[in-house]
Amino acid sequence: MNKDKRRAILERLRDNNPHPQTELNYSSPFELLVAVTLSAQATDVSVNKATDKLFPVANTPQAIADLGVDGLKEYIKTIGLYNNKAINVVALSKILVEQYNGEVPENREALESLPGVGRKTANVVLNTAFGWPTIAVDTHIFRVSNRTRFAPGKNVQEVEDKLLKVVPAEFKVDVHHWLILHGRYTCIARKPRCGSCLIEDLCEFKEKIYPDD
Ligand code: SF4
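Residues numbered from 1 in each chain as written. Predicted model: local features only at pLDDT ≥ 70, side-chain atom pairs only at ≥ 80, totals over all residues. Heavy atoms only, no water.

1. Considering the environment of F150
Tracing the backbone shows F150 in the loop between helix 8 (139–148) and helix 9 (156–166). Remark: the alpha-carbon pair of F150 and S39, spanning 111 residues in sequence, is separated by 26 Å. Beyond its immediate stretch of four places on either side in the chain, F150 contacts M1, R6, I9, L10, S145, L163, V166 and V167. (Helix = DSSP H or I, 4+ residues; strand = E, 2+ residues; numbered from the N terminus. Contact = heavy atoms within 4.5 Å.)

What follows is the structure, encoded as structure tokens:
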């Protein structure tokens, strides 16, 4: 895909949604870190249901550490992989208390060293809590980037590298959310809604599906 087309896609996504937001509920970097950690292989809706009850009770590293693994499980047991997630969230909370004064570090290396926090989670926190121009590649962004040929790659790291290279600076902070939302609601995995797609004329996918409903 050439750069004029890429720019046209980004402009259209921006015009359609000038201030895109995550669909996870949070009100602090720590709440976001917990929500993103819980969201692995789970829907944002299911995470929000759990954190809507959890955060009023415990929304700081000290409070989650005090809750303990068993206490945390009670709040998150409707989410997939909750056993491991509870262990990781309590462990990372203790580290934040002991080593970071109870704050979420605005630092990739420090974030990625926390239990259960990989590159994708660190990218989301740096981008969404701190406004860094990082681009976390999840299943939706990977699919949209490849289908459209906007930023094709064989694995998530290749797609991330390509996106960082081809997305102009003015779009970098928001492109993560535009592509996720596009993948979640329009360019869906099993049956993309090409008939009502905002960028249908610019997308280079060879197997577009019409009508979409
Ligand atoms: S035209 Fe279809 S394949 Fe291309 S981005 Fe839109 S929904 Fe996805």
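2. Comments concerning the site of the ligand
Surrounding the ligand, one finds T148, H182, C187, P192, R193, C194, C197, I199, E200, C203, F205 and K208. Of the residues belonging to the shell around the ligand, the class tally is seven nonpolar, two polar and three charged. (Near = heavy atom within 4 Å. Nonpolar A, V, L, I, M, F, W, Y, C, P; charged D, E, K, R; others polar.)

3. Considering the packing of aromatic side chains
Across all of its chains, the model carries one aromatic pair by this definition. Above the face of the F150 ring, R6 is positioned so that its terminal group lies 5.9 Å from the ring centre. Sitting over the ring of F205, R147 keeps its end group 5.3 Å from the ring centre. (Phe/Tyr/Trp six-rings, centres within 6.5 Å; stacked < 30°, edge-to-face > 60°. Lys NZ or Arg CZ within 6 Å of the ring centre and 35° of its normal.)

Any functional reading would require information that these geometric values do not contain.
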